[in-house]
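Report on the structure
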Amino acid sequence: MNDDNDGGGSGDRGLGEDGTIRREGSLSRVPAVFAPVVAAARSRISAAFDGTRLHGAYVYGSIPRGTAVPGVSDLDLLLALHDAPTPADEAAARAVEADLDASSDLIDGVGVLLFDVGTLTSELERDDLGFFVACLCTPLLGEDLARQLPSYRPTARLARETNGDLHLLLPRWRRRAAEATTDAERRYLSRGVARRLVRSGFTLVMPRWGGWTSDLVESAEVFARYYADRPERVEQLRSAARIGRAPSADPAVVAMLVEDLAPWLAAEYLAVHGPKAPRP
């Protein structure tokens, strides 16, 4: 999940009156300037995927949270298919990405995730992709799968299942850092890694804090409350929050994220919450 985690905080800790995590986005919160972008996404998806393939489409990230910045934020979409994605589905999704990205200067990139309904609602994914759909995704087309999913609380289980695989990403990040030869490649990598590290730093302490936020700055500050005895890690995560919004092409910055902060955070996560359930 490559969520565009930028924007304002949540004074109520993102919970409903019953203490469950509230869905963070809504089409009513889409800034007016981005309304044509969302309308274009709905139209383009409908044209590319008919009812025999598409169960539903969702938009997530800063646009439905109402915090998107023109020319800076990206457009993140999830498509729930009736059956497992095929090569043709993948090709159609990449075409949707390219068309939408080329159609507007308001967005800095488009990402389309493809999953089948069975996976999204499975027991194995209940506290990862299921949580993602129910709480972090805003319905755009079709039936809302949140009706088939439970309510969620900021528990240790949720922390483990959402980000307890951080250690598995380290080899891939190191390989990509070694292979990056352009500033554009390093900026892209630094943004993605930084966002994932901030999200992991937040969920590491989420059960103790007792709430949910997708805001990068707030996430780093929540982490800081519980790791004040590790000021160097606090400052690194704060830096990662800044990099997540303003990516860096500096090889030293990429190395700090990939070779220093990420291994420490992965080990700390395993020690506190353990690994997420293995996937096939």
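Report on the accompanying structure.

1. Concerning the nonpolar core
Grouped together as the largest cluster of nonpolar side chains are 58 residues, with contacts concentrated most on Trp173, Leu197 and Leu257. Among the elements that take part in this core, helix α11 (residues 251–273) stands out by supplying 11 residues, more than any other. Residue contacts for leucine 197: discarding those within four places in its chain leaves Leu166, Trp173, Leu237, Leu257, Leu261, Ala262 and Leu265. Core analysis: the next-biggest nonpolar cluster, separate from the first, contains 26 residues, Leu77, Ala92, Ala93 and Leu141 among them.

2. What to know about helix α1 (residues 35–48)
Across its 14 residues, α1 extends 20 Å between first and last C-alpha, which sits within 8% of the 20 Å expected from 1.5 Å per residue. Buried residues of α1: Val37, Val38, Ala41 and Ile45, and no others. For α1, the angular spread of the buried residues around the axis is 95°, confining them to a single face. The exposed set on the far side of α1, more than 90 degrees from its buried face, consists of Pro36 and Ala47. Residues of α1 that are buried in the fold lie against β1 (54–60), α2 (62–65), β2 (75–81), α3 (87–103) and β4 (137–142).

3. Regarding the sheet that holds β2
The 4 strands are arranged β3-β2-β1-β4 in an open sheet whose pairing can be described as mixed. Strand pairing shows two members of the sheet lacking a second neighbour, β3 (110–116) and β4, which therefore form its edges. Strand after strand, the sheet turns through a mean of 25° between neighbouring axes, direction not considered. Taken together, the 7 bridges between β2 and β3 define a ladder with parallel strand orientation. Considered in β3, the bridge of leucine 77 is made with valine 112. Set on the sheet, α3 makes contact with β2 and β3; between it and β3 the angle comes to about 155°.

4. Here we look at the environment of alanine 57
One can find alanine 57 in strand β1. Look at alanine 57 and you get buried, because its relative accessible area is 0%. For the pair formed by alanine 57 and cysteine 137, sequence separation is 80 residues and the distance between their alpha carbons is 9.2 Å. For alanine 57, the contacting residues outside a window of four places in its chain are Ile45, Leu78, Leu79, Thr138, Pro139, Leu140 and Leu141.

5. Concerning the side chain of serine 248
Mapped onto the secondary structure, serine 248 falls in the loop between α10 (231–245) and α11. One polar contact links the side chain of serine 248 to the main-chain amide nitrogen of aspartate 250, over a distance of 3.1 Å. With residues near it in sequence (within four places) discarded, serine 248 still touches Arg186, Arg187, Ser190, Ile243, Val253 and Val254.

6. Some details on the side chain of arginine 233
Within the element layout of this structure, arginine 233 appears in helix α10. What makes arginine 233 buried here is its relative accessible area of 10%. Not counting chain neighbours up to four residues away, the residues in contact with arginine 233 comprise Phe223, Asp260, Leu261 and Trp264.

7. Details of the pattern of salt bridges
A complete count under the given rule lists 25 salt bridges for this structure. Put simply, arginine 23 and aspartate 144 hold a salt bridge, and the shortest N to O gap is 2.8 Å. In this pair, arginine 23 is assigned in the segment before α1 and aspartate 144 in the loop between β4 and α6 (156–163), connecting sequence segments 121 residues apart. Note on arginine 23: relative accessible area 22%, which makes it partly exposed. Ionic contacts of the salt-bridge type, sharing partners, join the residues Asp74, Asp108, Arg191 and Arg195 into one network.

8. Some details on the packing of aromatic side chains
Using the criterion set out here, one finds 8 aromatic pairs in the structure. Geometrically, the ring pair formed by phenylalanine 131 and tryptophan 212 is edge-to-face, given 5.0 Å between the ring centres and 75° between the ring planes. With phenylalanine 131 in helix α5 (residues 129–136) and tryptophan 212 in the loop between α8 (183–209) and α9 (216–226), this residue pair connects regions lying 81 residues apart in the sequence. The class for phenylalanine 131 is buried, based on a relative accessible area of 1%. Taking the centre distance of 5.8 Å and the plane angle of 90° together, the rings of tyrosine 227 and tryptophan 264 count as edge-to-face. Here tyrosine 227 is found in the loop between α9 and α10, whereas its partner tryptophan 264 is found in helix α11, with 37 residues between them in sequence. Take tyrosine 227: its relative accessible area is 8%, and that puts it in the buried class. Following the ring pairs from residue to residue traces out a cluster consisting of Phe131, Tyr152, Phe202, Trp209 and Trp212.

The rules behind the values
- Residues numbered from 1 in each chain as written.
- Predicted model: local features only at pLDDT ≥ 70, side-chain atom pairs only at ≥ 80, totals over all residues.
- Heavy atoms only, no water.
- Core = buried A, V, L, I, M, F, W, Y, C linked by side-chain atoms within 4.5 Å.
- Buried < 20%, exposed > 50% of the residue type's maximum accessible area, 1.4 Å probe, protein only.
- Helix = DSSP H or I, 4+ residues; strand = E, 2+ residues; numbered from the N terminus.
- Contact = heavy atoms within 4.5 Å.
- Expected span 1.5 Å × (residues − 1).
- Arc of directions from axis to C-beta.
- Pairing = 2+ DSSP bridges.
- Axes fitted to C-alpha atoms, helices over the stretch in contact; angles between N-to-C directions.
- Polar contact = N/O pair within 3.5 Å; in protein donor to acceptor, adjacent residues only side chain to side chain.
- Salt bridge = Lys/Arg side-chain N within 4 Å of Asp/Glu carboxyl O.
- Phe/Tyr/Trp six-rings, centres within 6.5 Å; stacked < 30°, edge-to-face > 60°.

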